[in-house]
Amino acid sequence: MSDLQDVETVLARVALAEGDHRGECLQVHFQSIPVVEVDGPVAHAWTDGFTVRLEPAGDFVITSVVRLEDELIRAGADGWAFARRIPIPLLPPAAPQAGQPATEGDGRDGGDHHE
Amino acid sequence: MTDIGDIRTLIARCAHLCDRERHEQWIDQFVIDDFAYQVVDDPSPGGDGSYQGRDEVLAYFRAAASGDWRATHFLSEPVIDVAGERAHAATDFALVRLADSQPAEAGSARTTADTADIADTADIAGIADTAGIAGQRYEVAAAGRYEDDFVRAADGRWRFTARLVNHLPLTASQPARAQDAQDLLAAGSANE
């Protein structure tokens, strides 16, 4: 397999494992197709994800939306290993402090509703 | 990579860049000059339209830029057909966003730096750590299918030539399409 495919497989395995380790797994995590850039022994991957949970009433609700920014390093013949993961949750803009605009310094870049 | 792998990555990169409002990068690097973009049955008022050429498409995206992350497009695995120097892909999408846009209570929003600490100390999955923070509600605001056309450029890289965004209509159901879907399901069952 190519490096890109190897990295994608690592990301997918981690996503599956996140659901597997729960005693009663009432939620599923979906991840987008990752954007992967491999630069020699280092790979960066950007993946968006959301989690669907089954509520006691029988409804499915989306409980989180998150951007995952990953850095992986080549781990010999065994493939790739995580060096860093930065999860960035989608949250409402922080309430503005007195005298500050609402969007200042929230650390998140943009997104819109256009397809 | 294979042609299909290249095109799959191109589709994913398009969603990635557009969700982050980096439309210029997408338009500059990944579409042809005469790129055509059409939106059908968009649930947002005035969302439908046809746009031709880089400048017109870019203006369309810029008009709706918010400067804030409000929603994310999730894509299915695309179905890609390659024919020589041309290719077509069909990809389903769902647009997931916050159900309401009221500002969070002060201190409830984690920053990148906060979550970096989590990644260093907790399990690498980093998914449960962000689930249900401050009880946010999310919703699927739109869904549909991208019909994309590509061409292999002189430098060997694939680029978009056209995108048709076909939304699931929010209004009355459309019998013709519903019948199409039922026909497909019936055909699929017959082939199993």
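All values derive from a computational prediction rather than experimental measurement. Per chain, residue numbering runs from 1 following the sequence as it is written. To read the labels, note that chains go from A and ligands from 1, taken in the order they are written. pLDDT decides what is reported in this predicted model: residues at 70 or higher carry local features, side-chain atom pairs at 80 or more are listed and counted, and totals for whole chains, interfaces and linings draw on all residues regardless.

(A) Structural view of the overall build of chain A. Counting secondary structure elements, chain A contains one helix and five strands. Segments assigned H or I by DSSP are reported as helices when at least four residues long, segments assigned E as strands when at least two residues long, and all are numbered from the N terminus. For chain A, the succession of helices and strands along the chain, N to C, is α-β-β-β-β-β. Our exposure labels follow a C-beta count within 10 Å of each residue's own C-beta, placed from the backbone: buried means 20 or more other C-beta atoms, exposed means 12 or fewer, and partly exposed covers the counts in between. A buried classification covers 38% of the 115 residues belonging to chain A. By the criterion used throughout, residues are in contact when their C-beta atoms, derived from the backbone, lie within 7 Å. In chain A, of all internal contacts separated by at least 6 residues, the share reaching a separation of at least 24 is 37%.

(B) The arrangement of the overall build of chain B in detail. In terms of regular secondary structure, chain B is built from five helices and seven strands. Its helices and strands taken in sequence order, chain B reads α-α-β-β-α-β-β-β-α-β-β-α from the N to the C terminus. Taking all 192 residues of chain B together, the buried fraction comes to 29%. In chain B, 60% of the contacts between residues at least 6 apart in sequence involve partners at least 24 apart.

(C) Quick peek at the environment of Ser50 of chain B. Residue and element names in this part refer to chain B. Positionally, Ser50 belongs in strand β2 (residues 49-52). According to the C-beta neighbour criterion, Ser50 is exposed, with 12 such atoms within 10 Å. For the pair Ser50 and Tyr37, spaced 13 residues apart in sequence, the C-alpha separation works out to 5.8 Å.

(D) Expanded view of helix α1 (residues 3-19) of chain B. Residues and elements named next belong to chain B. Take the residue count of a helix, subtract one, and multiply by 1.5 Å to get its expected span. Between its first and last C-alpha atoms α1 spans 25 Å; for 17 residues at 1.5 Å apiece the expected length is 24 Å, and the two agree. Those residues of α1 lying buried are Ile7, Arg8, Thr9, Leu10, Ile11, Ala12, Cys14, Ala15, His16, Cys18 and Asp19. Following α1 by one or two positions, Glu21 adopts a phi angle in the positive range, close to 60°.

(E) Molecular detail of the packing of helix α2 (residues 23-30) of chain B against helix α3 (residues 54-63) of chain B. Residues and elements named next belong to chain B. Orientation is described by lines fitted to C-alpha atoms, with helices fitted over the stretch in contact, and by angles between N-to-C directions that extend from 0 to 180 degrees. α3 packs onto α2 with a crossing angle of 160° between their chain directions and a minimal axis gap of 10 Å. Considered as vectors, α2 and α3 are oriented roughly antiparallel to each other. Handedness of the α2/α3 crossing: right-handed. When α2 is examined against α3, the residues His23, Glu24 and Ile27 are found in contact with a partner set consisting of Arg54, Val57, Leu58, Phe61 and Arg62. Broken down by class, the residue content of the contact of α2 with α3 amounts to four nonpolar, one polar and three charged. Working definition: roughly parallel below 35 degrees, roughly antiparallel above 145 degrees, roughly perpendicular at 65 to 115 degrees, and oblique for all remaining angles. The hand of a helix crossing depends on one turn: near helix anticlockwise from the far one by less than a right angle means left-handed, and clockwise means right-handed. As a working rule, the residues Ala, Val, Leu, Ile, Met, Phe, Trp, Tyr, Cys and Pro are called nonpolar, Asp, Glu, Lys and Arg charged, and the rest polar, with Gly in that last group.

(F) View of the packing of α1 of chain B against α2 of chain B. Residue and element names in this part refer to chain B. Where α1 meets α2, the axes come as close as 8 Å, and the angle between the chain directions of the two elements is 150°. As the angle between them shows, α1 and α2 are arranged roughly antiparallel. Handedness of the crossing formed by α1 with α2: left-handed. On α2, the residues touching Leu10, Arg13, Cys14, Leu17 and Cys18 of α1 are His23, Gln25, Trp26 and Phe30. Classifying every residue of the contact of α1 with α2 gives six nonpolar, two polar and one charged.

(G) Unusual backbone geometry, seen in detail. Residue and element names in this part refer to chain B. One non-glycine residue with positive phi stands out, namely Glu21, at about 60°. Mapped onto the fold, Glu21 is located in the loop between α1 and α2. In this model, Asp41 sits at a positive phi of 60°, which is unusual for a non-glycine residue. Examined against the element boundaries, Asp41 turns out to sit in the loop between β1 (31-40) and β2.

(H) Inspection of the confidence of the model for chain B at higher detail. All names here are of chain B. Summing up the model confidence of chain B, the mean pLDDT is 78 and the portion of residues at 70 or higher is 69%. Mean pLDDT across the secondary structure elements of chain B bottoms out at helix α4 (residues 112-121), with 34, and peaks at strand β7 (residues 158-167), with 97. Every residue gets a pLDDT, meaning the predictor's confidence in that residue, from 0 to 100. Below pLDDT 50 for its whole length, residues 102-123 participates in 41 contacts with residues either more than four positions away or in separate chains. Here residues 128-132 is modelled with pLDDT under 50, and outside its nearest four sequence neighbours on either side it reaches 13 contacts, counting other chains as well. The complex model carries a pTM of 0.76, and its ipTM stands at 0.74.

(I) View of the pairing of strand β4 (residues 60-74) of chain A. All names here are of chain A. A pair of strands is treated as paired once DSSP finds two or more bridges between them. Judged from the 13 bridges that link them, strand β3 (residues 42-54) and β4 form a sheet pairing that is antiparallel. Residue pairing across strands places Arg53 opposite Val61, the latter belonging to β4. Where β3 hands over to β4, the hairpin turn is made up of five residues, of which Gly58 adopts a positive phi near 100°.

(J) The arrangement of α2 of chain B in detail. Residue and element names in this part refer to chain B. For α2, the full list of buried residues reads His23, Trp26 and Ile27. The buried residues of α2 occupy an angular sector of 95° when projected down its axis, which confines them to one face. In this structure, α2 carries Asp28 and Gln29 as exposed residues pointing more than 90 degrees from its buried face. Residues of α2 that are buried in the fold lie against α1, β1 and α3. The arc in question is the one traced by the directions running from the helix axis out to the C-beta atoms.

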